[in-house]
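Results of the structural survey
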Amino acid sequence: MFLNISGYVFSAVFLVEMLFKVLTLGLFFGSESYCRSAWNVVDGSLVVFSLVHIVVSLTPASHSKMLGILKVLRLLRTLRPLRVVKRAPKLKLAVEALITALKPVGNILLMCCAFIFFYAILGLQLFKGKFYTCRGEYIDDITNKTDCLSANYRWEQKDFNFDSLPQALISLFVMYSKDGWVTLMYDGLDAVGVDQQPVINHNEWMLLFFISFMIVSFFLLDMFIGVMVDTFHNCQKQQKKLAAEARNRSQCGAGAPGEAEVPQQTPYQASYSRMRLSIHTLCTSHQLDLFMAVLIFISVLIMAVEHYQQPLYIKKLTEYSHYVFTSILVIEVLLKLVAFGVLRFLRNSWNLMDLVVVLLSIMSIVLNLMRVSRHIPVNPTILRVSRVLRLAQVLKAKRIRVLLTTIIKTLSQVGNICLLFLFFFSIYATLGVEFFGQLECIEDDLCLGLNEYVNFKHFGMALFTLFLVCTGDNWSVIMMDTLKQCRPGECSHYLMWVSPIYFIAFVVIAQFVLANLVVAVIVQAMEDSNQVKEEGVSGVSVANLDVSGTSDPIY
């Protein structure tokens, strides 16, 4: 009841929004009318579908007819997250980039389909009727279907086979996604003939079919990555061009700005005493960073010596070394506080990390001496592991610093793609609950992928299940379970063709398109960093080079 009422309320709010926009902009006529924007058309269509769903659900009609109409309208409600895209600029930008990539990605998909179709026809000729096996207790003497049935055993078809063109296409796509392709290859090697019991390694020449398919599939998968990188590069170039034109229009008529004279600043350490200046020189030297990096590396090696049922001398060694290393870290932090001052010290992210490591090390020592490990759920000695963070000092090296800067720059763009992932998962999770929410495992044919922890019974579990599918973890078995575990009267007959389309489309979009879009973002960021380096352009102002008294331009 609550869900129905909330659906009516949201539909009414969206309808009011749509009416206001239509009255303000006009429906069809005018350069900025409501229907001129594709996003407005999507919003309006969803509002109309919601109203039709409400009207149909409130209109008395025959049960079967109403059930079919409501089922279709309920599926259309899963598109409601599309309304979020228009109102989230970053998400809208990612969707537009993805739409731009449809044409080149479509060409690659056509090549992949032609390749898989060719191998499906070949596999159909080689393996049709051969992917069967006898299920029983004693099958060593079983040679064919007749012997199997005579022994009151079951003659079963394997989940993935080549008995028809659709089955062959599904089997080859599962191989293409690298999920369970080894099992399919062994089934092909063991195949003997029609109505014949498989024999281990009966025809080893069939390796040529499967190995050649996998080799070509690697190249096609790399083509996906190349197309996504090229498309993202073109989209970013176009966006930069539009941004430059906008800046030029805003500066038009303003005249060329004069160069402001930068006043020469006196270094802050010029007023230091001789002793403090010596400490400052020590703290800014490369030798200190190298010494601390070696010290931390030795500390980590000593921690790695610890093991279960270790001798007493190893326990003493790790304990005393922890005291020594913590003391040296404290001395280093105190020297930097004297050299840079409190404010300059806290402005640098590396110094903040050093301070956190020191505080955690001191806390672990205090808690260990107080012997409170029995009263807290976490052993306080685990705080010593934070010392490994100090190994990040090696990131101050020039080349590694460029990589770190690139990663930081890509975080915002990767965040946009994560929003796109979440948006995509939400739609598919809602569809999954609608399609497969009533499926249950039966005793006669147990599930191999679906269980109490992996299912589509509600939205949360559907999101988790789709995440497993996205990682490629046994997704083909989950798809086969949705085809088998359908009790009469509890789920619709169309699942036999909806389920393969649902999972294959999800795998293509999630694993091949969106995942490769992340690769495209990182590759493009690396190219931009190399281009900036070649042009001699520094992305950081000179004033930031000496914020903390170090020559680290990252922060």
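Residues numbered from 1 in each chain as written. Predicted model: local features only at pLDDT ≥ 70, side-chain atom pairs only at ≥ 80, totals over all residues. Heavy atoms only, no water.

1. Here we look at the pattern of salt bridges
Counted under the stated rule, the structure contains 5 salt bridges. Among the ionic pairs, Glu 156 bridges to Arg 135, the shortest N-O distance being 3.4 Å. Here the residue Glu 156 occupies a position in strand E2 (residues 154-157), and Arg 135 occupies one in strand E1 (residues 132-135), the gap between them amounting to 21 residues. Measuring nitrogen to oxygen at the nearest pair gives 3.5 Å for the salt bridge that ties Lys 336 to Asp 354. Residue Lys 336 is found in helix H13 (residues 312-340), and its partner Asp 354 is found in helix H15 (residues 349-370); the two are separated by 18 residues along the sequence. Pair check on accessibility: Lys 336 and Asp 354 agree, each one buried. (Salt bridge = Lys/Arg side-chain N within 4 Å of Asp/Glu carboxyl O. Helix = DSSP H or I, 4+ residues; strand = E, 2+ residues; numbered from the N terminus. Buried < 20%, exposed > 50% of the residue type's maximum accessible area, 1.4 Å probe, protein only.)

2. Side note on the nonpolar core
Ranked by size, the top nonpolar core spans 75 residues in total, and within it Leu 172, Phe 213, Phe 456, Tyr 502, Phe 503 and Phe 506 carry the most contacts. Examining the composition of this core, we find that 14 residues originate from one element, helix H19 (residues 495-535), more than from any other. (Core = buried A, V, L, I, M, F, W, Y, C linked by side-chain atoms within 4.5 Å.)

3. Topic: helix H17 (residues 459-470)
With 12 residues, H17 extends 16 Å between its outermost C-alpha atoms, agreeing within 8% with the 16 Å of an ideal straight helix rising 1.5 Å per residue. The complete set of buried residues in H17 reads Met 461, Ala 462, Thr 465, Leu 466, Leu 468, Val 469 and Cys 470. Following H17 by one or two positions, Gly 472 has its phi on the positive side, about 80 degrees. (Expected span 1.5 Å × (residues − 1).)

4. Points about the state of the cysteines
Scanning the entire structure with this criterion turns up 1 disulfide. Each disulfide pairs two cysteine sulfurs, and for Cys 134 the partner residue is Cys 148, the sulfurs being separated by 2.1 Å. Since a negative S-S torsion denotes a left-handed disulfide, the Cys 134-Cys 148 link at about 85 degrees is right-handed. Here the residue Cys 134 occupies a position in strand E1, and Cys 148 occupies one in helix H7 (residues 145-150), the gap between them amounting to 14 residues. Cys 148 shares its class with Cys 134; the two are buried. (Disulfide = S-S within 2.5 Å.)

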